[in-house]
Amino acid sequence: MRPIVKDKIQYSDLTAIADSHGVQITYKELAQKALSDLSMTEERSLIFILCDYGIETVEFIYETMFLNRVPLLLSSDIDMELLVGLIQVYQPQYIYCKESYKFDVFLQKTADFKDHILLKTGKPLFEIHPDVALLLSTSGTTGSAKLVKLSYDNIWNAAEYASLHMGIKKGQKGLCPCPMNHILGFIFCMWQWFQGATVCVTEELVISKKFEEFYVKQRINNFAATPYVFGMLQRVRFWDEEKVSYLHRAIAAGEKMPEEEQLQLSAVMKDKMWLAYGQTECAGYISDVNIRESSVKKAAVGKPLEHMEIMVDAESNELIVKSRSVCMGYADNIMRLAEGDVNQGILHTGDTVYLDKSGCICLMGRLTRYVKVLGKRVNLDDIERYLLAKFPDMDSGCIGTDNNICVYYTNEKSGLFNEIKISLDHSMKIPSKYVSGVYLEKIPRGTSGKIDYRRLEQWK
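Since we're looking at a predicted model, the values are computed, not measured.

Procedures and definitions
Residues numbered from 1 in each chain as written. Predicted model: local features only at pLDDT ≥ 70, side-chain atom pairs only at ≥ 80, totals over all residues. Heavy atoms only, no water. Helix = DSSP H or I, 4+ residues; strand = E, 2+ residues; numbered from the N terminus. Expected span 1.5 Å × (residues − 1). Buried < 20%, exposed > 50% of the residue type's maximum accessible area, 1.4 Å probe, protein only. Arc of directions from axis to C-beta. Contact = heavy atoms within 4.5 Å. Pairing = 2+ DSSP bridges. Axes fitted to C-alpha atoms, helices over the stretch in contact; angles between N-to-C directions. Core = buried A, V, L, I, M, F, W, Y, C linked by side-chain atoms within 4.5 Å. Patch = residues over 30% accessible without salt bridge, like charges linked within 9 Å, V, L, I, M, F, W, Y side chains within 5 Å. Areas by Shrake-Rupley, 256 points an atom, 1.4 Å probe, with all protein chains shown as cover. Salt bridge = Lys/Arg side-chain N within 4 Å of Asp/Glu carboxyl O. Phe/Tyr/Trp six-rings, centres within 6.5 Å; stacked < 30°, edge-to-face > 60°.

What is the right way to look at helix H13 (residues 416–428) in this model?
Each α-helix turn comprises 3.6 residues. Residues three or four places apart therefore point the same way. Here H13 contains 13 residues, and its C-alpha end-to-end distance of 17 Å stays within 8% of the 18 Å for a straight helix at 1.5 Å per residue. Taken together, the buried positions of H13 are Leu416, Phe417, Ile420, Ser423, Leu424, Ser427 and Met428. With its buried residues spanning 120° around the axis, H13 presents them on a single face. Looking at the packing, one finds that the buried side of H13 touches helix H4 (80–90), helix H12 (380–390), strand E25 (404–409) and strand E26 (435–439).

Help me understand the sheet that holds E26 in this model?
The strands making up a sheet associate through backbone hydrogen bonding, with each pair oriented either parallel or antiparallel. Read from one edge to the other, the open sheet built from 3 strands follows the order E24-E25-E26, with strand pairing classed as mixed. The sheet is open, and its two borders are formed by strand E24 (396–401) and E26, each paired with just one other strand. Going from strand to strand, the sheet's axes swing by 20° on average, the running direction of each strand aside. Sheet topology note: the E24/E25 ladder contains 6 bridges and is antiparallel. Of the residues in E25, the one forming a bridge with Ser396 is Tyr409. Strands E24 and E25 of the sheet are contacted by H12, whose axis makes an angle of about 150° with E24.

Even after reading the chapter, I still don't get the nonpolar core, so can you show me in this structure?
In globular proteins that are soluble, nonpolar side chains generally tend to be buried together. Core analysis: the largest hydrophobic core is formed by 77 residues, its most contacted members being Leu73, Leu118, Leu150, Met180, Phe186, Trp191 and Trp193. Excluding anything up to four places from it in sequence, Trp191 contacts Ala158, Ala159, Ala162, Ser163, Met166, Ile168, Leu184, Ile251 and Tyr285. Met257, Leu265, Leu275 and Ile291 belong to the second-largest nonpolar core, a separate cluster that totals 27 residues.

I keep staring at a nonpolar patch on the surface and nothing clicks. Help me out?
Taken together, the side chains of Leu205, Ile207 and Val236 present a nonpolar region at the surface, about 290 Å² in accessible area. Inspection of the secondary structure assignment puts Leu205 in the loop between strand E11 (198–201) and helix H7 (209–218). Residue classification places Leu205 among the exposed residues on the basis of a relative accessible area of 61%.

Explain helix H8 (residues 227–235) to me, please; I cannot follow it from the model alone.
Counting buried positions along H8 yields 7 of 9 residues, so the element is predominantly enclosed. Within H8, burial applies to Pro227, Val229, Phe230, Gly231, Met232, Leu233 and Gln234. Packing partners of the buried residues in H8 comprise strand E12 (222–225), strand E13 (249–252), helix H10 (259–269) and strand E14 (273–277). Where H8 terminates, the next one or two residues include Arg237, which has phi positive at roughly 55°.

So what exactly am I meant to see when it comes to the packing of aromatic side chains here?
Ring pairs (aromatic) are described by centroid distance and by the angle formed between their planes. Enumeration according to the criterion identifies 20 aromatic pairs in this entry. Relative to Trp191, the ring of Phe188 has its centre 6.0 Å away and its plane inclined at 65°; by these criteria the two rings are edge-to-face. Placement of both Phe188 and Trp191 in helix H6 (residues 183–194) is noted, with a separation of 3 residues, approximately one turn of the helix. Taking relative accessible area as the criterion, Phe188 reaches 1% and is therefore assigned buried. Ring geometry for Phe230 versus Trp239: centroids 6.2 Å apart, planes at 20°, classification stacked. A relative accessible area of 0% means that Phe230 is categorised as buried.

In this structure, what is going on with the pairing of strand E23 (residues 376–379)? I would like to understand it.
The side chains of a regular strand alternate between the sheet's two faces. Both strand E22 (residues 370–373) and E23 contribute to a ladder of 4 bridges, which runs antiparallel. By the bridge assignment for E23, Val371 is matched with Val378.

How do you make sense of the pattern of salt bridges when you look at a structure like this?
Side chains that carry opposite charge are capable of pairing whenever their charged atoms lie near each other. What the rule picks out here adds up to 18 salt bridges. The residue Glu99 makes a salt bridge to Lys109 at a minimum N-O spacing of 3.7 Å. Separated by 10 residues along the polypeptide, Glu99 in the loop between strand E5 (94–98) and strand E6 (108–112) and Lys109 in strand E6 bring together distant segments of the chain. For Glu99, a relative accessible area of 41% gives the class partly exposed. Taking the relative accessible area as the measure of exposure, Lys109 reaches 42% and is therefore partly exposed. Among the ionic pairs, Glu419 bridges to Lys413, the shortest N-O distance being 3.2 Å. On the basis of relative accessible area, Lys413 is assigned to the partly exposed category, the value being 45%. Shared partners join several salt bridges into a network, and the residues in it are Lys209, Glu212, Asp240 and Lys243.

Written out as structure tokens, the structure is:
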């Protein structure tokens, strides 16, 4: 096990976290608070953390990892039915959430915070491999039971190289309006903490005046968000000469950014705006490129960072990554949490690419059935399984691209497609405007019974 920050930082008087209400917490205070709460949870216990944007949650995640507990980071608005399913599969010892979160099952309250509570499930401890530091869902919106297992070494390695690459300095201030269950939200914090910088936290809406006031007051140096958030900020004309003047680096990651927005941001940011490409399985960051360079190269995501070795499969064009940041593997049930490193530093990304003459990675497509909706990765197979359970009197199939999911369904019932959209929005947090539908008499399937997705494309 490795500490989550360097020794010279974790007991320092540098500010680790600051919020929009004036609260500031030093690295030393975080360590002292963690040690004082040592008896609250058992070592190597599994803790489900329902992540919101508040300072209390960021502090609790830091302390949990400091104490060698194992957090599974989940969205605070996860559907209750999906959450209960995950609890049944992984049997956590504790659940951290807002006090207002309503559970249908009885759990014992073991600790009260200002705005949150820690619930004890009564589940016994079970074996988790000693290298496992963090669990993240492969599909943040669907409550999938498939989890990415990141080790202490994965996180340390990713934070060290990325923070050096970006030039993050001690005392700088960083802001990322993504919850920590999103890999960008989590790893952004690690970049700042690794170099003794401050993570700034606010629950204000990014398009609000209070968010802007907080940004200006803190004089934010490092900013990261999904292209969707950058788009919202563009629409309210957030970026101006003053905000850019003290900005060190801005990073967009999570999905493709429209070229028009790239050009607009380039004009304002100059050389401070970067596009990043990564995956949860690599602790976030594989490559990046200055937006001025990438704006004329369609789907270019830059050159790999120093600690990333890349290869392109000659037959499939799949990008393969070799790095100490590559996760240990996946878990889809409680027993697999005890497994060691099965990936051995090698990740088949599922993305098809080509390399240009300069060695820049250019994305072509995906081999896997994942798309991104508002920067969150969604597994189309998860949607199909959900629809099968929710609507047992119809057959369905899904195809899609980023921010565009098409559902094919076989029941002619009036208003059914509207029910499908409402259900996906409510349970999987997939907004209705990103879902289209096509009625078919029969879902095309091969002799093995698997859906023929190529034939589905014909009815798009």
